[in-house]
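# Understanding the architecture of this molecule
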Amino acid sequence: MINKVDSMKIENLLEIHNGALNSDEILQKWCAFGAERGFGANCFFVGIVRDELPKEFLENQNLPLIESSTKDLIKNDSIKKDIESKTNLIESANKAQTSNSAIFGGLSFEIYEPLLRSWFSAWQKKAQERGAFLAMAHSRGLVLPGKCSYISAVFSPQRAAALGLFADFVEDFKHNAPIWKYDVINNEKFYAANRSHKLNHAGLLSDKN
Amino acid sequence: MIKVEFLGPLGNFSREFSAEKIKNLNDLKEILKGENEISQWLENCAVAVNGEIAKDIQKPLQDGDTIALLPPVCGG
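An account of the accompanying structure is given in this report. What you see as residue numbers is a count from 1 along each chain, following the sequence as written. In the order they appear in the text, chains get letters beginning with A and ligands get numbers beginning with 1. It should be noted that, the model being predicted, local features are given only for residues of pLDDT at least 70 and side-chain atom pairs only at 80 or more, the latter also being counted only at that level, while totals for whole chains, interfaces and linings use all residues. Hydrogens and water are ignored here; the side-chain numbers use all heavy atoms of the structure.

## Some words on the pattern of salt bridges
Oppositely charged side chains can pair when the atoms bearing their charge come close. For this document, the term salt bridge refers to a Lys or Arg side-chain nitrogen within 4 Å of an Asp or Glu carboxyl oxygen. Considering all chains together, one arrives at 13 salt bridges over all chains under this definition. A salt bridge links Arg50(A) to Glu52(A); the nearest nitrogen and oxygen atoms lie 2.9 Å apart. Ionic pairing is found between Lys29(B) and Asp207(A), a salt bridge with its closest N-O pair at 3.8 Å. Of this pair, Lys29(B) sits in helix α1 (residues 25-32) while Asp207(A) sits in the segment after β7 (188-191), placing the two residues on different chains. Connected through salt bridges with shared partners, the residues Asp207(A), Lys29(B), Glu30(B) and Lys33(B) form a single ionic network. The helix and strand labels rest on DSSP assignments: H or I over at least four residues marks a helix, E over at least two residues marks a strand, and numbering proceeds from the N terminus.

Here it is in structure tokens:
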């Protein structure tokens, strides 16, 4: 079974699309992929952009919406200080505030493709060692609320292997896939610093090394 | 030349350095730590050399290499 899959172009199991994913089309294609190759236990994870302002924009209802979010974003750690100086978040947020409303316009994504491909290949190898296979699709650019930005899949002959890999793969994706997320609010992009994770070996070029 | 890419919230731009000037990652660090806007990100950034995460500050660099500075990530 694995030999049949090996003969396919493995790199095609990582898809990057501009804008929202056509989840119906991708899921249909991947269901067929699993069925045709005799995989009996397949898991699919579908990420949809929620139609709501990010949590950090809503935590303190007693303060003006954008101002409170700005404070929350920048007050705690070095990442947030970086955001303050690099992207002039306060200035942008205040501009949004003067419009007297904060309209969530979705999420925007940037991807560093060479590293994403090597990260995915490493996971594909791990999956094959367990007799399974992986696929993943992700959006680049703007994805509107309610639309799909991320799908991952595990194909396996056995349920236990599929479920074990599924959780590990999706979790590692969140922490190590080189993708940057921005909230789009009032047509401006805000780096999602609070939800972002340092990659392994971050700080290599800092004075701590 | 060695290409250095500043990705994601760093601004998505690249610069080129002479391979004579940066023989290893430590040489790059010495240059970037003197640049105010970039230096404040260094503690949070990982570094990739030709698409692989670097672990060694003394990693030798060669003409034609591509280095990427990678701020904290969040996909999905």
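Next comes the rest of the write-up.
## A few points about the interface of chain A and chain B
The partner chain B presents 38 residues to the 43 residues of chain A that form the contact. The junction of chain A with chain B conceals about 3400 Å² of combined surface from both sides, 59% of it contributed by carbon and sulfur atoms. On inspection of chain A and its partner chain B, the count reaches 2 salt bridges. Asp207(A) is the salt-bridge partner of Lys33(B), the closest N and O atoms lying 3.4 Å from each other. Mapped onto the side of chain A that touches chain B, the elements with two or more residues apiece are α5 (78-87), β3 (104-111), α7 (113-129), β5 (148-156), α8 (159-176) and β6 (179-185) of chain A. Here the side of chain A that touches chain B takes 7 residues from α5(A), the largest share from any one element. Note that Gly is not counted as nonpolar here; it falls among the polar residues with everything else outside the nonpolar set of Ala, Val, Leu, Ile, Met, Phe, Trp, Tyr, Cys and Pro and the charged set of Asp, Glu, Lys and Arg. Each residue belonging to the side of chain A that touches chain B can be placed in one class, and the counts come to 19 nonpolar, 15 polar and 9 charged. Whether two residues are in contact is decided by their heavy atoms, any of which lying within 4.5 Å being enough. Note on definitions: buried area is the accessible-area loss of two parts on being combined, 1.4 Å probe, summed for both.

## With respect to the layout of surface pockets
Considered as a void within the structure, the largest pocket measures approximately 560 Å³ in volume. Grid spacing is 1 Å over the protein atoms alone, the probe is 1.4 Å, and a cavity is where that probe fits but cannot get out, while a pocket is an open set with protein on both sides within 12 Å along at least five of seven lines and lining residues have an atom within 4 Å of a point. Around the largest pocket sit 24 residues that line it, and Arg50(A), Leu107(A), Lys174(A), Lys181(A) and Arg195(A) are the ones nearest its centre. Those elements giving two or more residues to the lining of the largest pocket turn out to be β2 (41-48), α3 (55-58), β3, β5, α8 and β6 of chain A. Looking at which element gives the most residues to the lining of the largest pocket, the answer is β2(A), with 3 residues. For the second largest pocket, the calculated volume is near 330 Å³. As for the second largest pocket, its lining consists of 15 residues, of which Trp119(A), Asp172(A), Asn176(A), Asn200(A) and Ile53(B) are closest to the centre. Elements supplying a minimum of two residues to the lining of the second largest pocket: α7 and α8 of chain A together with β4 (52-53) of chain B. Considering each element in turn, the lining of the second largest pocket owes the most residues, 6 residues, to α7(A). The residue inventory of the lining of the second largest pocket, partitioned by class, reads 6 nonpolar, 5 polar and 4 charged. Grid points are joined across faces, edges and corners, and a volume is the space filled by probe spheres set on the points.

## Some remarks on the nonpolar core
If you look at the biggest cluster of nonpolar residues, it comprises 46 residues, and the most contacted ones within it are Trp30(A), Leu116(A), Trp119(A), Phe120(A), Met136(A) and Phe155(A). When sequence neighbours within four positions are dropped, the list of residues in contact with Trp30(A) reads Leu13(A), Glu15(A), Phe44(A), Ala135(A), Met136(A), Ala137(A), Ile151(A), Ser152(A), Ala153(A) and Phe155(A). Grouped together as the second largest cluster of nonpolar side chains are 35 residues, Leu28(B), Trp41(B), Leu42(B) and Ala54(B) included. As used in this record, nonpolar core signifies buried Ala, Val, Leu, Ile, Met, Phe, Trp, Tyr and Cys residues forming a set joined through side-chain atoms within 4.5 Å. Throughout, exposure labels follow a simple rule: accessible area from a 1.4 Å probe, protein chains only, divided by the maximum for the residue type, with under 20% read as buried, over 50% as exposed, and the rest as partly exposed.

## Observations regarding unusual backbone geometry
A positive phi angle, close to 65°, is found at Asn187(A), a residue other than glycine. As for its placement among the helices and strands, Asn187(A) is situated in the loop between β6 and β7. For Asn50(B), which is not a glycine, the phi torsion comes out positive at approximately 50°. Structurally, Asn50(B) is set in the loop between β3 (46-49) and β4. On the accessibility criterion, Asn50(B) (45% relative accessible area) is partly exposed.

## Things to note about the packing of aromatic side chains
Geometry of an aromatic ring pair is reported as the spacing of the ring centres plus the angle between the planes. Residues and elements named next belong to chain A. Between 30 and 60 degrees the pair is tilted, below 30 it is stacked and above 60 it is edge-to-face, where a pair is any two Phe, Tyr or Trp rings, Trp via its six-membered ring, whose centres lie within 6.5 Å. On inspection of all chains with the given rule, the structure shows 13 aromatic pairs over all chains. When the ring of Phe39 is compared with that of Phe155, the centres are 6.3 Å apart and the planes differ by 35°; the resulting orientation is tilted. Of this pair, Phe39 sits in the loop between α2 (23-36) and β2 while Phe155 is found in strand β5, placing the two residues 116 residues apart along the sequence. Looking at Phe155, the relative accessible area reads 0%, which means it is buried. We count a charge as sitting over a ring when the NZ of a lysine or the CZ of an arginine lies within 6 Å of the ring centre and within 35 degrees of the ring normal. One residue, Lys126, lies across the ring of Trp123, its end atom 4.0 Å from the ring centre. The ring of Tyr182 carries Lys189 above its face, with NZ or CZ at 4.5 Å from the centroid.

## A look at the sheet that holds β3(B)
Strands in a sheet are paired, the pairing made by backbone hydrogen bonds, and the direction either parallel or antiparallel. All names here are of chain B. At least two bridges found by DSSP between two strands is the condition for calling them paired. Spatial ordering of the open sheet is given by β2-β1-β5-β3-β4, a layout of 5 strands whose pairing is mixed. The strands lining the two open edges of the sheet, one partner per strand, are β2 (13-17) and β4. As defined by bridge partners, β3 adjoins β4 across 2 bridges and the pair is classed as antiparallel. Within the sheet, the bridge partner assigned to Val49 lies in β4 and is Glu52.

## A look at α8(A)
All names here are of chain A. To estimate the expected span of a helix, subtract one from its residue number and multiply by 1.5 Å. Its 18 residues give α8 an end-to-end C-alpha distance of 25 Å, which sits within 8% of 26 Å, the value for a rise of 1.5 Å per residue. Along α8, the positions that sit buried rather than exposed are Ala162, Leu165, Phe166, Phe169, Val170, Asp172, Phe173 and Asn176. Along the axis of α8, the buried residues cluster in a sector spanning 165°; they form a single face. Looking at the buried positions of α8, the neighbouring elements they touch are β2, α7, β4 (133-143), β5 and β6. The arc in question is the one spanned by the directions pointing from the helix axis to the C-beta atoms.

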